[in-house]
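Spelled out, the chains give:
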Amino acid sequence: MRADIRGIFSFGLILFGLLSAATPPAMGHHSFAAFNMTAEKTVTGVISKVQWTNPHIWIWVDVPNGKGGIDAFGFEGMSPNFLERRNWTRKTLNAGDTITIVYRPLQDGAHGGMFVSAKTADGK
């Protein structure tokens, strides 16, 4: 009976190894399907919040809507690691700063999109 258990265990181990070798590796990726990658828009507003989090930062901007009100826009940026390698810090953008953002809009027409570039009021 012990030989049977060892045989079953060995067979299972071999089968697992073969199946593992035949399975392609899983690749992590980020989809851009939510964004219209063929369009760019620009808005100017006041930063209300910056979320310096993985996997991507988020910048929240209050944008005047031309009707006397404010619309909240959310922009997904790059990873903190990517930005830090380009000399950005948690203090590069702050709540209360005026900013002009170029972005790829959301496919569903909601306010916001994928961050492309920005310019602060002082031209940086």
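Caption draft 1: Looking closely at the environment of Ile-47. Following the sequence through the fold, Ile-47 ends up in strand S1 (residues 41–51). A residue is classified by how much of its surface remains accessible, and Ile-47, at 3% relative accessible area, is buried. With 14 residues separating them along the chain, Ile-47 and Val-61 place their C-alpha atoms 4.3 Å apart. With residues near it in sequence (within four places) discarded, Ile-47 still touches Ile-59, Trp-60, Val-61, Leu-93, Asn-94, Ala-95, Gly-96, Asp-97 and Ile-99.

Caption draft 2: Expanded view of the side chain of Arg-104. In this structure, Arg-104 sits in strand S4 (residues 98–105). Side-chain polar atoms of Arg-104 contact the side chain of Glu-40, separated by 3.4 Å. If sequence neighbours within four positions are ignored, Arg-104 has contacts with Phe-35, Asn-36, Met-37, Ala-39, Glu-40, Gly-112, Gly-113, Met-114 and Val-116.

Caption draft 3: How the structure looks around the sheet that holds S4. Read once around its circumference, the closed barrel built from 5 strands follows the order S1-S2-S3-S5-S4, with strand pairing classed as mixed. Across the sheet, the mean angle separating the axes of adjacent strands is 55° when strand polarity is ignored. In the sheet, strand S2 (residues 58–64) pairs with strand S3 (residues 70–76) via 7 bridges, with the strands oriented antiparallel. If you follow Trp-60 over to S3, its bridge partner there is Gly-74.

Caption draft 4: How the structure looks around the pattern of salt bridges. With the rule as written, the count across this model stands at 1 salt bridge. Two residues, Arg-104 and Glu-40, come together in a salt bridge whose shortest N-O distance is 3.4 Å. In this pair, Arg-104 is assigned in strand S4 and Glu-40 in the loop between helix H1 (2–22) and S1, connecting sequence segments 64 residues apart. Note on Arg-104: relative accessible area 19%, which makes it buried.

Caption draft 5: Broad picture of the nonpolar core. Of all hydrophobic cores here, the largest spans 15 residues; its most connected members are Ile-59, Val-61, Phe-75 and Ile-101. For this core, the secondary-structure elements that each account for two or more residues are S1, S2, S3 and S4. Setting aside anything within four residues of it in sequence, one finds Ile-59 in contact with Ile-47, Lys-49, Phe-73, Gly-74, Phe-75, Leu-93, Ile-101 and Phe-115.

Parameters at a glance
- Residues numbered from 1 in each chain as written.
- Predicted model: local features only at pLDDT ≥ 70, side-chain atom pairs only at ≥ 80, totals over all residues.
- Heavy atoms only, no water.
- Helix = DSSP H or I, 4+ residues; strand = E, 2+ residues; numbered from the N terminus.
- Buried < 20%, exposed > 50% of the residue type's maximum accessible area, 1.4 Å probe, protein only.
- Contact = heavy atoms within 4.5 Å.
- Polar contact = N/O pair within 3.5 Å; in protein donor to acceptor, adjacent residues only side chain to side chain.
- Pairing = 2+ DSSP bridges.
- Axes fitted to C-alpha atoms, helices over the stretch in contact; angles between N-to-C directions.
- Salt bridge = Lys/Arg side-chain N within 4 Å of Asp/Glu carboxyl O.
- Core = buried A, V, L, I, M, F, W, Y, C linked by side-chain atoms within 4.5 Å.

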